[in-house]
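What follows is each chain in one-letter form.
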Amino acid sequence: MQKPILAFLIFLILGCQSKPSNHAADTTPAAVNAPQLAQKTPPQPSADSLPLDTPPETITNPTPKPIPSTPPKSTPAPSHKKTVSKRQNNYPKMTSKKYITGRFNQRKHPDFVRLDDRYCAYPDMYLRKEVYAAFLKMRNAAQKDHIRLTIRSATRNFFTQKRIWENKWTGKRNLAGGENLAKTTKSPLLRAKKILRYSSMPGSSRHHWGTDIDLNDLANSYFESGKGYKMYQWMLKNAHQYGFYQVYTAKGPKRPVGYNEERWHWTYLPTSKIILRQAKKILKDEDFTGFLGSQTAPQIHIVQNYVLGINPECL
Ligand SMILES: [Zn+2]
């Protein structure tokens with residue numbers, strides 16, 4: 001009886017040792033499940049990370065990779081697509097007349113971002129997201145050359161521009177140089193033309209678009225010596241590498257009409273060119289309404305002489 005029992009025990013022992021170890025097997029299901037789980041929940045693009053020009057209808061969830069032994073989902077969840085479309089439809093697209101004439105709140109528009117107050121002369125400034133990203137690159141490059149770029153003005157919507165315009169129109173605020181238009185100028189046409197030397201008519205300002213900034217100082221003379229001279233020369237040499245161009249260059253044969261020279265006003269051309277092309281197509285002088293003196297817009301030919309009276313490189 002001992003021999004069969006011994007043989008049986010030996011058989012049991014050998015049998016157990018010859019089995020493959022279960023240790024690795026314990027991890028196998030998890031290793032298989034991990035990629036499946038990862039694939040089942042692909043990272044969702046946020047609306048903010050999408051290219052800004054992407055029309056809502058092209059914004060979709062990424063298609064999950066097919067998982068072996070699991071049939072692909074036949075109905076991908078469309079919730080994100082719907083959310084983005086609905087959200088963006090509440091705000092004017094940058095090619096609409098409403099957007100071009102600045103009739104929206106940049107603080108709430110999904111294409112805009114609030115700027116870091118450290119880079120601005122005043123708090124609570126906004127730009128289009130891609131414009132701000134380009135500005136930051138330019139600012140960093142300038143800083144390496146010991147040039148400091150400070151934004152003095154960014155997006156101003158129609159309602160802000162109306163306040164600026166009407167304050168000058170009514171004499172509540174003097175023009176640069178101290179002239180009070182309420183006292184000196186009765187003719188509406190002349191009054192408008194005097195304001196237009198430096199200020200835009202509400203609805204016609206490039207500052208509505210979120211593409212244009214005023215940098216460092218609002219007097220041309222500042223850029224003729226010292227820090228201002230260095231900064232301006234740096235901008236002339238380098239700004240275009242980051243997409244920025246001076247809009248209101250010196251008046252002359254190349255730019256016979258429009259605002260006076262502004263060495264501080266720069267535009268992010270990749271976006272503003274698209275908006276300007278659309279403005280040229282759809283804006284009419286009669287569109288400028290809703291503020292004191294708006295009746296003068298057709299006489300002044302505001303679109304031809306001011307919206308389009310810019311540095312030819314920016315057209
Ligand atoms: Zn400006």
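About the thresholds
- Residues numbered from 1 in each chain as written.
- Predicted model: local features only at pLDDT ≥ 70, side-chain atom pairs only at ≥ 80, totals over all residues.
- Helix = DSSP H or I, 4+ residues; strand = E, 2+ residues; numbered from the N terminus.
- Buried ≥ 20, exposed ≤ 12 C-beta atoms within 10 Å, placed from the backbone.
- Contact = placed C-beta atoms within 7 Å.
- Core = buried A, V, L, I, M, F, W, Y, C linked by C-beta atoms within 7 Å.
- Pairing = 2+ DSSP bridges.
- Axes fitted to C-alpha atoms, helices over the stretch in contact; angles between N-to-C directions.
- pLDDT = per-residue confidence, 0-100.
- Expected span 1.5 Å × (residues − 1).
- Arc of directions from axis to C-beta.

So, about the overall build of the chain. Within the chain one finds twelve helices and six strands. Expressed as a percentage of the 315 residues in the chain, the buried residues total 28%. Contacts in the chain between residues far apart in sequence, at least 24 positions, make up 67% of those at least 6 positions apart.

Once that is clear, we can look at unusual backbone geometry. Although it is not a glycine, His 146 sits at a positive phi angle of roughly 65°. The residue His 146 is located in the loop between α5 (129-144) and β3 (151-153) in this model.

This next bit is on the nonpolar core. Among the nonpolar cores identified, the biggest contains 26 residues, and Leu 115, Leu 127, Phe 135, Met 138 and Ala 154 are the most heavily contacted of them. Of all the secondary structure elements, the ones that give two or more residues to this core are β2 (126-128), α5, β4 (212-215), α9 (226-238) and β6 (265-268). In terms of residue count, the dominant contributor to this core is α5 (five residues). By size, the runner-up hydrophobic cluster in this structure holds 22 residues, among which are Phe 104, Trp 165, Trp 169 and Ile 195.

Among the secondary structure elements, Leu 269 is positioned in helix α10 (residues 269-282). Considered as a pair, Leu 269 and His 240 are 29 residues apart in the sequence and their alpha carbons are 8.7 Å apart. Excluding residues that lie within four positions of it along the chain, Leu 269 makes contacts with Gly 243, Tyr 245 and Cys 314.

Strand order in the open sheet formed by four strands is β3-β4-β6-β5, and the pairing between neighbours is antiparallel. Each edge of the sheet is formed by a strand with only one pairing partner; in this case those strands are β3 and β5 (244-246). Mean inter-strand twist for the sheet, computed between neighbouring axes without regard to direction, equals 45°. Note: β3 against β4, two bridges, orientation antiparallel. Residue pairing for β4: Ser 153 is matched across the bridge by Asp 214. Across the sheet, α10 touches β4, β5 and β6, and the angle it forms with β6 is around 85°.

Detailed reading of predicted coordinates is not advised where the pLDDT is low. In this model, the chain carries a mean pLDDT of 81, and residues with pLDDT of at least 70 account for 72%. In this model residues 9-79 is a low-confidence stretch, pLDDT under 50, and it forms 32 contacts with partners more than four residues away in sequence or in other chains.

Quick look at α10 now. The α-helix winds at 3.6 residues per turn, so residues separated by three or four positions along the chain end up facing the same way. Compared with the 20 Å implied by 1.5 Å per residue over 14 residues, the 19 Å span of α10 between its first and last C-alpha is a close match. Burial in α10 covers these residues: Leu 269, Thr 271, Ser 272, Ile 275, Leu 276 and Ala 279. Taken around the axis of α10, the buried residues stretch over an arc of 155°, which confines them to a single face. Among the exposed residues of α10, those pointing more than 90 degrees away from its buried face are Arg 277 and Lys 281.

What follows is about the environment of Tyr 259. With respect to the secondary-structure elements, Tyr 259 resides in the loop between β5 and β6. C-beta crowding within 10 Å serves as the criterion here: with 19 such atoms nearby, Tyr 259 is assigned to the partly exposed category. Considered as a pair, Tyr 259 and Tyr 306 are 47 residues apart in the sequence and their alpha carbons are 6.6 Å apart. Not counting the four nearest positions on each side in its chain, Tyr 259 is found in contact with Leu 196, Arg 197, Tyr 198, Tyr 248 and Tyr 306.

Another point: α9. The terminal C-alpha atoms of α9 lie 18 Å apart, and with 13 residues this matches the ideal 18 Å at 1.5 Å per residue to within 8%. Every buried residue of α9 is accounted for by Met 231, Tyr 232 and Met 235. Projected down its long axis, α9 carries its buried residues within an arc of 95°, all on one side. Seen from the buried face of α9, the exposed residues on the opposite side, beyond 90 degrees, are Gly 226, Tyr 229, Gln 233, Leu 236 and Lys 237.

The alternating pattern of β6 places His 265 and Thr 267 on one face and Trp 266 and Tyr 268 on the opposite face, and all of these are buried. Strand direction decides the pairing type here: β4 and β6, joined by three bridges, are antiparallel. Directly across from Asp 214, in β6, lies its bridge partner His 265. Strand direction decides the pairing type here: β5 and β6, joined by three bridges, are antiparallel. Bridge pairing in β6 links Gln 246 to Trp 266.

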